[in-house]
Amino acid sequence: MSNTNVQPESNKALDIGVVTLAVLIVATGIFAFTFLTDQQLGIRIGALVGGLVIGCGVAAFSPSGKRFIGFCRESYDELRRVVWPTRRETVNTTGLVMAFVVAVAFYLFVVDKFVEWGLYDGLLRLSF
């Protein structure tokens, strides 16, 4: 069984046209919300939400939208298969990471002090 997804050839011009139409519908909803300042807030929000819902609905029926919905479904299925760590494993791993961070910080502090001592105390005394 192959994991490769075979996508049928789609009409690119139709796909671009449908997605462009969806974007224009969403933009119209946003502009309606922006420019209908004289109307009640409920009407303005209705125009905004209506534009977003209709635009997303139109985009969902495009070939790109169908591929995106399929991708989202596959991602959700994959997420359900993830084995999440237990609380104990998470606490232990976090503790190890924090200990490593402190160790590296201490190491960098020592190296910085050594370089500071070498440059300021050693080299500056030789130059004067």
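Residues numbered from 1 in each chain as written. Predicted model: local features only at pLDDT ≥ 70, side-chain atom pairs only at ≥ 80, totals over all residues. Heavy atoms only, no water.

A closer look at the environment of T20
Okay, so step 1: Note that T20 resides in helix α1 (residues 12-35).
Okay, so step 2: As a C-alpha pair, T20 and G55 span 35 residues in sequence and 9.7 Å in three-dimensional space. (Helix = DSSP H or I, 4+ residues; strand = E, 2+ residues; numbered from the N terminus.)

Quick word on the pattern of salt bridges
Okay, so step 1: Tallied over the entire structure, the rule returns two salt bridges.
Okay, so step 2: Of the charged contacts, one joins R81 and E78 as a salt bridge, the two residues approaching to 3.2 Å between their closest N and O atoms.
Okay, so step 3: Judged by its relative accessible area of 44%, E78 is partly exposed. (Salt bridge = Lys/Arg side-chain N within 4 Å of Asp/Glu carboxyl O. Buried < 20%, exposed > 50% of the residue type's maximum accessible area, 1.4 Å probe, protein only.)

Digging into helix α2 (residues 41-60)
Okay, so step 1: The end-to-end C-alpha distance of α2 is 28 Å, a good match for the 28 Å that 20 residues give at a rise of 1.5 Å each.
Okay, so step 2: Among the residues making up α2, those that are buried are R44, G51 and G55. Looking down the long axis of α2, one finds its buried residues gathered within 25° of arc, a one-sided arrangement. Opposite its buried face, α2 presents the exposed residues L41, G42, V53, I54 and C56, each directed more than 90 degrees away. (Expected span 1.5 Å × (residues − 1). Arc of directions from axis to C-beta.)

Remarks on the packing of aromatic side chains
Okay, so step 1: Under the counting rule described, the total for this entry stands at two aromatic pairs.
Okay, so step 2: The ring centre of F33 lies 4.4 Å from the NZ or CZ of R44, which sits over that ring. (Phe/Tyr/Trp six-rings, centres within 6.5 Å; stacked < 30°, edge-to-face > 60°. Lys NZ or Arg CZ within 6 Å of the ring centre and 35° of its normal.)

Treat this as a map of the structure, not an account of what it does.
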